[in-house]
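So you can see what is in the structure, the chains are spelled out below.
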Amino acid sequence: MTRAVLALLALAACPAAGQQEVPRKILVVYRSADILEETKDVFYTPQHQRLEVALNWLGLEAEYVEAGGALPGPAKLSGVRGILLWPQSTHAFPDPRPLCRWLETAMRSGVRVVFVGQIGLQRKGAPGVEELDPDCTQALSTLGVKYRGLSFGDPLGIEMTLQDPRYIGFER
């Protein structure tokens, strides 16, 4: 939970001092297939039940985006502060390639992306390292993460290759 709070603080960090309006919208990516309740309401997602209260406390508002549906285009991303993903398994998305391409585009346009828990972008039969498609490897690289596979000494299987000292490492 501490990692989740630190990740949320990274999303909330002000990009620059001044009197400009700062976007407050966080796109929260979820899969309705992961909701066990019959109603398929986002209320039953861990993102809503565990993270939205922290987002709201920071003055941010969550807007839920179905990963299997139409992802917001560049025009809609212009007013977005960040994107939050909390995949429920290593193979959370049946075909993560469109999601990875969308995340790559968002990050290149300056939108922050935060993963909570697992990366969840693996796909059975993918040609890349440990079932990770090249599109997803590129998206993680843009995020500053070097993916090393599912079975590695690091419990998350990742290594930070780029970090901004304003957001990472300041607590040490």
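Quick note: structure is the one above.
Below: a short report on this structure. (Residues numbered from 1 in each chain as written. Predicted model: local features only at pLDDT ≥ 70, side-chain atom pairs only at ≥ 80, totals over all residues. Heavy atoms only, no water.)

**Observations regarding the sheet that holds strand 3 (residues 80-85)**
If you trace the four strands from one edge of the open sheet to the other, you get 2-1-3-4, paired in parallel fashion. Every interior strand has two partners, whereas the edge strands, strand 2 (61-66) and strand 4 (112-115), have only one. Strand after strand, the sheet turns through a mean of 25 degrees between neighbouring axes, direction not considered. The pairing of strand 1 (residues 25-30) with strand 3 spans five bridges and is classified as parallel. Its bridge partner being in strand 3, L27 is matched across the sheet by I83. Sheet contacts for helix 4 (residues 97-108): strand 1, strand 3 and strand 4; angle to strand 3, the most-contacted strand, approximately 150 degrees. (Pairing = 2+ DSSP bridges. Helix = DSSP H or I, 4+ residues; strand = E, 2+ residues; numbered from the N terminus. Axes fitted to C-alpha atoms, helices over the stretch in contact; angles between N-to-C directions. Contact = heavy atoms within 4.5 Å.)

**With respect to the environment of I83**
Looking at the element boundaries, I83 is found in strand 3. Using a relative accessible area of 0% as the deciding quantity, one classes I83 as buried. C-alpha of I83 to C-alpha of R112: the two residues are 29 residues apart in sequence and 6.2 Å apart in space. (Buried < 20%, exposed > 50% of the residue type's maximum accessible area, 1.4 Å probe, protein only.)

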